[in-house]
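Structural description and commentary
Each chain, written out:
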Amino acid sequence: MSAATDRRPRRVAGIYRPPVNAARMPPPRPGPLAQLVRTANTVRAQVERGVLRDEGLTWTTYDVLVLVCARRAVETRTAAAEVGIAKATLTNALVSLVDRGLVRRDLQEDDRRRVVLRPTQAGMDLARRVQGPVEAEQTRLFGEPGMPSGDSLARVLRSLATRSRQDDATEPDAAR
């Protein structure tokens, strides 16, 4: 291989010298997925600071609490999948919710190895109380002219999440 075709950086007397005629690649730019995740992080932080912190909740604990209240009884593995978090993250969230008396862990009647989550009355009351301010923040964010309706956006995002889960299930590593 001649020096003219070698595109590797060269060191000459301890000085880095890039290849002379190397093709310049455009710099990486964030795409829609990066923007979606950044937006989600920003909105989540705003809701946590503006609404949930006063009630001693994080977005994850709020999301788990609302799911348990809506379903009235849900298995832990189903809750983790529905919220989109790891089982270990769910366990950490449940420590707080159970310790505060907002959620109960019960053994499933048919299979005593499985745990079912159920809301307590205090959990239902807190979820109802917090839901109003969260919905007000949602209305403020989606109420701008030119924004799609909250329902329309929710359908698109739900479809994206479903597609993402299907892709995970078809990968070879997902079977482990």
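Scope of this entry: the structure provided in the associated data block. (Residues numbered from 1 in each chain as written. Predicted model: local features only at pLDDT ≥ 70, side-chain atom pairs only at ≥ 80, totals over all residues. Heavy atoms only, no water.)

1. Focus on the overall build of the chain
What counts is decided by this rule: Strands here are runs of E lasting at least two residues and helices are runs of H or I lasting at least four, both read from the DSSP assignment and numbered beginning at the N terminus. Classification of residues uses two cut-offs on accessible area relative to the type maximum, computed with a 1.4 Å probe and protein chains only: under 20% is buried, over 50% is exposed, and between them is partly exposed. The contact criterion used is simple: two residues touch if any of their non-hydrogen atoms lie within 4.5 Å.
Within the chain, the secondary structure is distributed over six helices and five strands. Mapped in sequence order, the helices and strands of the chain form the string β-β-α-α-β-α-α-β-β-α-α. When burial is assessed residue by residue, the chain has 21% of its 176 residues classed as buried. Excluding contacts between residues fewer than 6 apart, the proportion of contacts in the chain whose partners are at least 24 apart in sequence is 49%.

2. So, unusual backbone geometry
For Arg72, which is not a glycine, the phi torsion comes out positive at approximately 70°. With respect to the helices and strands, Arg72 occurs in the loop between α2 (59-71) and β3 (74-75).

3. Let's talk about the side chain of Thr61
Mapping Thr61 onto the fold places it in helix α2. Residue class for Thr61 comes out buried when judged on its relative accessible area of 7%. Excluding residues that lie within four positions of it along the chain, Thr61 makes contacts with Ala93, Ser96 and Leu97.

4. Here's the deal with the sheet that holds strand β4 (residues 103-107)
The following threshold applies: Pairs of strands are assigned from DSSP output, requiring at least two bridges between the strands. Only the stretch in contact is used when a helix axis is fitted, and all axes are lines through C-alpha atoms; the angle between N-to-C directions ranges over 0 to 180 degrees.
Strands sit in the order β3-β5-β4 across an open sheet of three strands; the sheet is antiparallel. The strands lining the two open edges of the sheet, one partner per strand, are β3 and β4. Against the sheet, α2 contacts β3, β4 and β5 (115-119), and its axis sits at roughly 90° relative to β5.

5. Quick look at helix α1 (residues 32-52)
The cut-off we apply is this: To estimate how far a helix should reach, multiply one less than its number of residues by 1.5 Å.
Taking 1.5 Å per residue, 21 residues should reach 30 Å; α1 reaches 28 Å between its end C-alpha atoms and fits that length. Buried positions along α1 lie against α2 and α5 (121-142).

6. Describing a nonpolar patch on the surface
The criterion, for reference: Here a patch means residues that are over 30% exposed by relative accessible area and free of salt bridges, tied together within 9 Å if like-charged and within 5 Å if nonpolar (Val, Leu, Ile, Met, Phe, Trp, Tyr). Using a 1.4 Å probe, accessible areas were evaluated by the Shrake-Rupley method; residue-level cover was limited to the displayed protein chains. Within this document, salt bridges are pairs made up of a side-chain nitrogen of Lys or Arg and a carboxyl oxygen of Asp or Glu, the two lying within 4 Å of each other.
Where nonpolar side chains cluster on the molecular surface, the patch consists of Leu33, Leu36, Val37, Leu157 and Leu160 and spans about 420 Å² of accessible area. Elements with a minimum of two residues in the nonpolar patch: α1 and α6 (150-170). Looking at the nonpolar patch, the element that brings in the most residues is α1, giving three residues.

7. Comments concerning the pairing of β5
Across two bridges, β3 lies against β5 in antiparallel orientation. Looking at β5, one finds that Glu75 is bridged to Val116. Inspection of the sheet shows β4 paired to β5 by five bridges, in the antiparallel sense. When the sheet's bridge partners are listed, Leu107 is paired in β5 with Val115.

8. A few points about the environment of Val115
Position of Val115 relative to the elements: it lies in strand β5. With 42 residues separating them in the primary sequence, Val115 and Ala73 have C-alpha atoms 9.9 Å apart. Those residues in contact with Val115 that sit more than four places away from it in its chain are Val74, Glu75, Thr76, Arg105, Asp106 and Leu107.

9. Some points on α2
Note on helix geometry: an α-helix contains 3.6 residues per turn, so any two residues three or four positions apart are oriented the same way. Given a rise of 1.5 Å per residue, 13 residues ought to cover 18 Å, and the 18 Å separating the end C-alpha atoms of α2 matches this to within 8%. Among the residues of α2, those classed as buried are Thr60, Thr61, Tyr62, Val64, Leu65, Leu67, Val68 and Cys69. Remark: Arg72 follows α2 within two positions and exhibits a positive phi of approximately 70°.

10. Concerning the packing of aromatic side chains
The criterion, for reference: By convention, a stacked pair of Phe, Tyr or Trp rings (six-membered ring in the case of Trp) has centres within 6.5 Å and planes under 30 degrees apart, an edge-to-face pair has planes over 60 apart, and any other such pair is tilted.
A complete count under the given rule lists one aromatic pair for this structure. Consider the rings of Trp59 and Tyr62, whose centres lie 5.2 Å apart with planes at 50°: the pair is tilted. With Trp59 and Tyr62 both in helix α2 and three residues apart, the pair spans about one turn of that helix. Judged by relative accessible area, Trp59 falls into the partly exposed class, the value being 26%.

11. As for the pattern of salt bridges
Applying the stated criterion across every chain, the model contains nine salt bridges. Of the charged contacts in the structure, one is a salt bridge between Arg128 and Asp125, with a shortest N-O distance of 3.8 Å. With a gap of three residues between them, Arg128 and Asp125 both fall in helix α5, about one helical turn apart. Accessibility expressed as a relative area gives 37% for Asp125, which makes it partly exposed. Salt bridges sharing common partners tie together Glu75, Arg77 and Arg114.

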